[in-house]
Amino acid sequence: MAIRFRIDNWLMASSAVGFAKVLRHAGIDPLPYFRERLLEVPQDLWERLPELYAEYVLRDFDQVVMRSYDQVLKKKDAEWEHVKNPYDLVVRSKLGGFYNNSPLLNSSKSYIRRVAEANKSLIQTYGSEPKEALKKLLQDWENYKVNISKHIKDAIKEAFQSILSVETSDNSPVCFFCRERHSYRTFDAVNFTPLSASPDTFQNLFYNGVNTIFLCKECEVLLYFARFGFADIKGRYLFVYLPDDASSMISVNNVLEERKWLSADIIKESLVVVVKSVEKNKAVWALRNIYVVEIQPVGDAQSNIYVFSLSPRQAQALRDYIDKYPKNLNLIFDIFLKYVYYGKSLYHMLYKIVSGYLFTDSYKNIKLSNDDARLVKYGSNGLWGSLLYLIKFQEVLNMQANKEKEINWAFMEGKKLAQSYKENLGEDRAKKKIESLSYRLLEAVRRRDIDHFSQNLIRAYLEVEKPIPPVFLSAIKEEGLERIAYAFLIGLNGKEGIGEPNTETEDSLGEE
């Protein structure tokens, strides 16, 4: 008899993807166990899961533990307290922040304490001093590894057994996740920290502050696989949820794990999979149910969680234009995607990037603690023509996809004005003039002050004795201000030769 799980939300889906990774590591094809939005685990495989889970956790035992012991050997005055418990090194380091205080990580559990005791006792058989003992231990590494790995495996098995051995009552509520087995407790923020900053704030998610997310013991065991479904990307955790296609969801998240970055082609692959549903008349529903889940740890028992979903228009824009995403914007692709999913204007992104360039000295000590800081830091390295992609994509979202030539033209006019300044004033004076003009134009855009923008533009062209190009007629209309202004500013300040459009301007473009 198979144990069934519904994978109809991102949490159970990430658990199912983690389950698939564990099986693949053991040389078992996971796909036969998936059927549309169900995961069915045969009883014999279910009984093996704790062992397979332990083997997956221990897969990098050599690298992690040996590195830790090497660091102790390099210390001038090594003490026994410097020798870390392998359970902490290979289990807690992977699961911490996801399942704090759970049976797998609670240090008060006897089976976890036994690992530490066994390890200390074993190491001391090699010598009475830390360095002496570790040197001999490393020479006898395979025997040590087999011995202590068994203790860790036994502890993990016992942790799972402590959950599965609990008796449940037929009178208890049905599990929120599987909707068929009886629960034995509620799903809380103590054992599963990614869902909430603390138990107090977690209660705000419930009706009248009462937790009604009941949890059965089988679903709890599967939820401990969720950590492996998420890709660890520089201290953040990402997962892509695709509805109704487990195979593609597993594939997309495997690629995400390998590349360690949420890149444009991963999103493109996700969208192509879902858009196939058009023939099945599921497109609108499916597109709205693509999720990118990001978990940002902010403390030992705190995490911020973001779930990004798509509207049909956003998904269509991503599907049609994601292939054009410039490679030199890859460092901020995750922020771009977050802006799109949240429906936040990409012009806010551009404001931060351009500010980072124009006010580099003010931001030189900035730390990369949030998205705005990263955008400012990115801009401090210079402005490139590839940033026009953000303008063009925003106009697609604004249903103004026919503005590409106008954007390119405004960009080229910015380059021409910069060149005119250099020819008339020389490099140094031109640089100061461009900076001064850019400050004023950026402030006008921030305030959406068309008069201030127009007056500064008129003065700028009078200084070089050139007529104002007709493309700025669109900027005079409020709906075109950001589009034209940012393209012009990027051209005015942009560096040469990288990420610039090849489109030539047309004399009639922008005329009415």
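Anything mentioned here points back to the structure above.
Residues numbered from 1 in each chain as written. Predicted model: local features only at pLDDT ≥ 70, side-chain atom pairs only at ≥ 80, totals over all residues. Heavy atoms only, no water.

**Some details on the sheet that holds strand 1 (residues 2–6)**
Hydrogen bonds between backbone groups are what pair the strands of a sheet, and the pairing can be parallel or antiparallel.
In step 1: Strand order across the open sheet formed by three strands is 1-3-2, with antiparallel pairing between neighbours. The sheet is open, and its two borders are formed by strand 1 and strand 2 (34–35), each paired with just one other strand.
In step 2: Pairing of strand 2 with strand 3 (residues 38–42), which is carried by two bridges, proceeds in the antiparallel orientation. Bridging from a neighbouring strand, Arg35 pairs with Leu38 of strand 3.
In step 3: Its contacts with the sheet put helix 2 (residues 43–57) on strand 1 and strand 3, and the angle it makes with strand 3 is roughly 85 degrees. (Pairing = 2+ DSSP bridges. Helix = DSSP H or I, 4+ residues; strand = E, 2+ residues; numbered from the N terminus. Contact = heavy atoms within 4.5 Å. Axes fitted to C-alpha atoms, helices over the stretch in contact; angles between N-to-C directions.)

**Overview of the packing of helix 2 against helix 7 (residues 141–164)**
In step 1: Interhelical geometry of helix 2 versus helix 7 gives an angle of 140 degrees and a closest axis separation of 9 Å. Classified by the interaxial angle, the pair formed by helix 2 and helix 7 is oblique. As helix 2 packs across helix 7, the resulting crossing turns out to be right-handed. When helix 2 is examined against helix 7, the residues Trp46, Pro50, Glu51, Tyr53, Ala54, Glu55 and Val57 are found in contact with a partner set consisting of Lys153, Ile156, Lys157, Phe160 and Leu164.
In step 2: Within the contact of helix 2 with helix 7, the residues separate by chemical class into eight nonpolar, no polar and four charged. (Parallel < 35°, antiparallel > 145°, perpendicular 65-115°, else oblique. Left-handed = near helix turned anticlockwise from the far one by under 90°. Nonpolar A, V, L, I, M, F, W, Y, C, P; charged D, E, K, R; others polar.)

**Concerning unusual backbone geometry**
In step 1: The backbone of Met399 shows a phi angle near 60 degrees, a positive value even though the residue is not glycine.
In step 2: When you line up the elements, Met399 lands in the loop between helix 18 (388–397) and helix 19 (404–425).

**Some words on helix 5 (residues 110–124)**
One turn of an α-helix holds 3.6 residues; hence residues three or four places apart share an orientation.
In step 1: In this model, helix 5 (15 residues) spans 21 Å end to end at C-alpha, consistent with the 21 Å of a helix rising 1.5 Å per residue.
In step 2: Taken together, the buried positions of helix 5 are occupied by Tyr111, Ile112, Val115, Ala118, Asn119, Leu122 and Ile123. Projected down its long axis, helix 5 shows its buried positions confined to an angular sector of 120 degrees, all on one face. For helix 5, exposure combined with an orientation more than 90 degrees from the buried face picks out Glu117 and Lys120.
In step 3: Tucked inside the fold, the buried residues of helix 5 contact helix 3 (61–74), helix 4 (86–95), helix 6 (130–139) and helix 7. (Expected span 1.5 Å × (residues − 1). Buried < 20%, exposed > 50% of the residue type's maximum accessible area, 1.4 Å probe, protein only. Arc of directions from axis to C-beta.)

This is a description of form; function is not addressed.
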